[in-house]
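# Reading the structure
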Amino acid sequence: MKLLAGALLFVALAPASLASPPQLPEGKWWKRPRLAAEINLTDDQAREIESIFSRTRPELIDRKAELEKRQGELQDALDANADRRTISTKVEAVENARAGLQKARILMVLDMKQVLKPDQWDRLVRMREQLRERRIDRLERFRERRMDRRP
Amino acid sequence: MRERATTAADHLTDEELFALAVPPAGVPEALPRHLSECLRCSRALADWKGAVRDLGDEGEEALASRSAQEWRAVEDATLTAVGRQGSPGRGRRRRLSWALPAAAALLLGALLLTGRNSSARIESGSDDTASFSAQDRADDALLRDVDRLASGDETPGGWGALAPDPSAVDSAAAPEGRS
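Calculation criteria
Numbers given for residues are sequential positions, taken from 1 along each chain in its written order. In the order they appear in the text, chains get letters beginning with A and ligands get numbers beginning with 1. A pLDDT threshold of at least 70 governs which residues receive local features in this predicted model, and a stricter bar of 80 or more applies before side-chain atom pairs are shown or counted, although totals over entire chains, interfaces and linings include all residues. Elements are defined by DSSP. Helices are runs of H or I of four residues or more, strands are runs of E of two residues or more, and each kind is numbered from the N terminus. Remark: C-beta atoms are placed from the backbone, and a residue is labelled buried if 20 or more other C-beta atoms sit within 10 Å of its own, exposed if 12 or fewer do, or partly exposed between those counts. Contact between two residues is assigned whenever their backbone-derived C-beta positions fall within 7 Å. Expected helix span is given by 1.5 Å per residue-to-residue step, counting one fewer step than there are residues. It is the directions from the helix axis to the C-beta atoms that the arc portrays. Geometry is summarised by axes, namely lines fitted to C-alpha atoms with helices restricted to the contacting stretch, and by angles between N-to-C directions that run from 0 to 180 degrees. Each angle receives one of four descriptions, namely roughly parallel if under 35 degrees, roughly antiparallel if over 145, roughly perpendicular if within 65 to 115, and oblique otherwise. Throughout, a crossing is termed right-handed when the near helix is turned clockwise from the far one, and left-handed when it is turned anticlockwise from it by less than a right angle. Residues are grouped as follows: nonpolar covers Ala, Val, Leu, Ile, Met, Phe, Trp, Tyr, Cys and Pro; charged covers Asp, Glu, Lys and Arg; every other residue, Gly included, is treated as polar. The quantity called bend is, for any residue, the angle between two axes fitted respectively to the seven residues ending at it and the seven beginning at it. Per-residue confidence from the predictor is given as pLDDT, running between 0 and 100. The nonpolar core is taken to be a set of buried Ala, Val, Leu, Ile, Met, Phe, Trp, Tyr and Cys residues joined by way of C-beta atoms within 7 Å.

### Looking at the overall build of chain B
On a plain count of helices and strands, chain B comes out with ten helices and zero strands. Out of the 179 residues in chain B, the part that is buried amounts to 30%. Look at the contacts in chain B between residues 6 or more apart in sequence, and 80% of them connect residues 24 or more apart.

### Topic: helix 8 (residues 134-151) of chain B
For an α-helix the count is 3.6 residues per turn, leaving residues at separations of three or four pointing the same way. Compared with the 26 Å implied by 1.5 Å per residue over 18 residues, the 26 Å span of helix 8 of chain B between its first and last C-alpha is a close match. Taken together, the buried positions of helix 8 of chain B are Asp139(B), Leu143(B), Val146(B), Leu149(B) and Ala150(B). On an axial view of helix 8 of chain B, the arc spanned by its buried residues comes to 140°, and they lie on one face. Exposed residues lying more than 90 degrees from the buried face of helix 8 of chain B are Ala134(B) and Ala141(B). The inward-facing, buried residues of helix 8 of chain B abut helix 3 (43-79) and helix 4 (84-115) of chain A. Gly152(B) occupies a position one or two residues after helix 8 of chain B and carries a positive phi of about 80°.

### Quick notes on the packing of helix 3 of chain A against helix 8 of chain B
Here helix 3 of chain A crosses helix 8 of chain B at 50°, and the two axes come no closer than 10 Å. One finds that helix 3 of chain A runs oblique with respect to helix 8 of chain B. For the crossing formed where helix 3 of chain A meets helix 8 of chain B, the hand is left-handed. Residue-level inspection shows Phe53(A), Arg57(A), Leu60(A), Ile61(A), Lys64(A) and Leu67(A) of helix 3 of chain A in contact with helix 8 of chain B, the latter providing Asp139(B), Leu142(B), Asp145(B), Val146(B) and Leu149(B). For the contact of helix 3 of chain A with helix 8 of chain B, a count of residues per class yields seven nonpolar, no polar and four charged.

### Description of helix 3 of chain A
Residues and elements named next belong to chain A. Between its first and last C-alpha, helix 3 extends 50 Å over 37 residues, near the 54 Å set by a 1.5 Å rise per residue. At Thr-56, helix 3 shows its strongest bend, of approximately 40°, with the proline Pro-58 following within four residues. Looking only at helix 3, the buried set comprises Ile-49, Ile-52, Thr-56, Leu-60, Arg-63, Lys-64, Leu-67, Gln-71 and Leu-74. Immediately beyond the C-terminal end of helix 3, within one or two residues, lies Asn-81, with a positive phi of roughly 55°.

### Observations concerning the environment of Phe53(A)
Relative to the elements of secondary structure, Phe53(A) occurs in helix 3. Classification of Phe53(A) as partly exposed rests on a count of 19 C-beta atoms within 10 Å. Apart from residues no more than four positions distant in its own chain, Phe53(A) is found in contact with Met108(A) and Asp139(B).

### Observations concerning the confidence of the model for chain A
Summarising the model, chain A shows a mean pLDDT of 83, and 81% of its residues fall at 70 or more. Every residue in residues 1-18 of chain A is under pLDDT 50, and counting partners more than four places away or in other chains gives zero contacts.

### Quick look at unusual backbone geometry
Among all residues except glycine, the phi angle is most often negative; among peptide bonds, the trans geometry is most common. Residues and elements named next belong to chain A. Unlike most non-glycine residues, Asn-40 shows phi in positive territory, near 55°. Counting through the fold element by element, Asn-40 comes out in the loop between helix 2 (33-38) and helix 3. Given 12 C-beta atoms within a 10 Å radius, Asn-40 is considered exposed. The phi angle at Asn-81 is positive, at roughly 55°, despite the residue not being glycine.

### Some remarks on the nonpolar core
Grouped together as the largest cluster of nonpolar side chains are 21 residues, with contacts concentrated most on Leu67(A), Leu101(A), Val146(B) and Leu149(B). It is helix 4 of chain A that contributes the most residues to this core, six residues altogether. Sequence-distant contacts of Leu101(A), that is, excluding residues within four places in its chain, are made with Arg63(A), Lys64(A), Leu67(A), Val146(B), Leu149(B) and Ala150(B). Grouped together as the second largest cluster of nonpolar side chains are eleven residues, Leu17(B), Ala21(B), Cys38(B) and Leu39(B) included.

Have a look at this one:
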């Protein structure tokens with residue numbers, strides 16, 4: 001019965017786990033005055049978020065280095081025309097390292113989410129989306145203008 | 001990837017490469033099969049993506065505060081710089097190896113200039129990293145790197161750049177354009 005309940009829970013949660021990870025404004029957003037003001041981030045909250053980041057920073061650095069190391073090894077294997085099996089192993093190593101980095105990042109973001117009130121979180125996610133849309137608009141405009149200049 | 005398996009007529013045009021680097025509405029377009037077979041075009045696309053990233057990635061919050069006129073001026077400068085030097089596709093990679101960074105530098109220079117002109121606005125309400133300490137800047141860069149690496153969006157260091165440098169092929173037999 002427990003097994004069945006566990007399986008049902010997994011199925012129920014699967015769509016959420018497959019969803020894209022939470023996206024926040026890039027970089028140290030909690031240190032940006034305008035962003036902080038937009039979501040009414042308090043000094044205490046900023047300190048707590050900084051503390052979460054500081055705790056996670058060593059792991060992020062290590063996992064980023066690990067990923068870059070694995071990417072370098074894959075690059076070397078490709079440059080050396082290594083056999084298919086070797087490349088396959090290297091690709092797996094790269095993607096495992098990437099998964100580790102993503103996991104550390106997502107857990108950090110989730111910890112940060114706990115510090116924020118729901119409306120603060122919603123506004124922050126919305127801001128990220130607005131910034132993304134603005135960037136796309138800029139690039140789209142740039143693209144259209146370049147196309148217009150085609151000889 | 002097999003450069004020799006493709007003919008010059010198959011190579012992607014500048015417009016096709018640009019459309020792939022800056023897809024309409026930000027929705028990625030399906031990659032042409034040719035890209036998986038042609039080292040030169042895959043590298044050219046990586047070059048384009050790198051240039052586009054330079055355009056859209058720097059200081060989002062600060063850039064978002066630019067006026068339409070300021071943006072137009074910056075875009076004009078970039079388009080002129082890119083147009084003057086050609087574009088990454090069609091065997092022009094050697095020249096573009098410095099032309100695109102130059103365009104990006106010009107772009108950032110223009111942004112700094114317009115930023116200086118509108119410093120009052122930035123100080124009064126816009127967002128920037130002026131108050132960041134050295135450690136904050138390092139942390140900021142780390143977080144941006146982590147976001148990019150974790151998502152697998154690593155241009156120009158991604159899969160396109162994993163292929164061997166085709167410049168030797170380019171210099172030996174690169175056609176100047178789609179022939």
